[in-house]
Amino acid sequence: MAENLYSKIEEVRSDNLIADSIVPVLVKGITLEKGQGVLKRGTVLGIVTATGLAKVVDSSKTDGTENADCILADDVDTGDGSATTDFPAQAYISGCFNRNALIFGGTDTVEKHETRLRELGIFLKDNIAY
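Everything in this summary refers to the structure shown in the same document. None of these values were measured; they are calculated from a predicted model.

Focus on the packing of aromatic side chains
Tallied over the entire structure, the rule returns one aromatic pair. Note on tyrosine 92 and phenylalanine 97: the rings are 5.2 Å apart at their centroids and 50 degrees apart in plane angle, and the pair reads as tilted. Here tyrosine 92 falls in the buried class, since its relative accessible area comes to 8%.

Here's the deal with the environment of threonine 78
Checked against the element boundaries, threonine 78 lands in the loop between β7 (76-77) and β8 (87-98). Threonine 78 sits in the buried class, given a relative accessible area of 0%. Separated by 42 residues in the primary sequence, threonine 78 and glutamine 36 place their C-alpha atoms 5.5 Å from one another. Apart from residues lying up to four places away in sequence, threonine 78 is in contact with Leu32, Glu33, Lys34, Gly35, Gln36, Gly37, Leu39, Ala83 and Phe87.

Observations regarding the pairing of strand β4 (residues 44-47)
Pairing of β4 with strand β6 (residues 70-72) involves two bridges; the strand directions are antiparallel. Directly across from valine 44, in β6, lies its bridge partner isoleucine 71. In the sheet, β4 pairs with strand β5 (residues 54-56) via three bridges, with the strands oriented antiparallel. From the neighbouring strand, isoleucine 47 faces β5, where its bridge partner is alanine 54.

Re the side chain of aspartate 58
Structurally, the position occupied by aspartate 58 is in the loop between β5 and β6. At 4.5 Å, lysine 61 is the nearest oppositely charged side chain to aspartate 58, a buried residue that forms no salt bridge. For aspartate 58, the side chain forms a polar contact with the side chain of serine 60, separated by 2.8 Å.

Cut-offs and rules
Residues numbered from 1 in each chain as written. Predicted model: local features only at pLDDT ≥ 70, side-chain atom pairs only at ≥ 80, totals over all residues. Heavy atoms only, no water. Phe/Tyr/Trp six-rings, centres within 6.5 Å; stacked < 30°, edge-to-face > 60°. Buried < 20%, exposed > 50% of the residue type's maximum accessible area, 1.4 Å probe, protein only. Helix = DSSP H or I, 4+ residues; strand = E, 2+ residues; numbered from the N terminus. Contact = heavy atoms within 4.5 Å. Pairing = 2+ DSSP bridges. Lys, Arg positive; Asp, Glu negative; His and termini not counted. Salt bridge = Lys/Arg side-chain N within 4 Å of Asp/Glu carboxyl O. Polar contact = N/O pair within 3.5 Å; in protein donor to acceptor, adjacent residues only side chain to side chain.

Here you go:
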């Protein structure tokens, strides 16, 4: 009976996304467009101009998602093409983040979006992974 008193229940692991606390980390509620599959924490998002829905940033698009807006705070499964509803989520709108932990759409790179993110209050730096 006493063996359950000391069992491992949960483990916390850092993903190295947040690089520093010198800039306040703020979040906002967003709505992710359905049918994007699983989006990982650290995915840089843009906002579709016509709908206000968030999608993975991709500079080859011209629907608003070519401009970075925020960083996804948690993994979210938005379903496949058969999904019927959009998904509420949380996204970072300011803070200091590890540039190597960010995820972009298409062939985008951190260099393509760093200036825009800085204008929004999202600062990037190199972190040493541990």
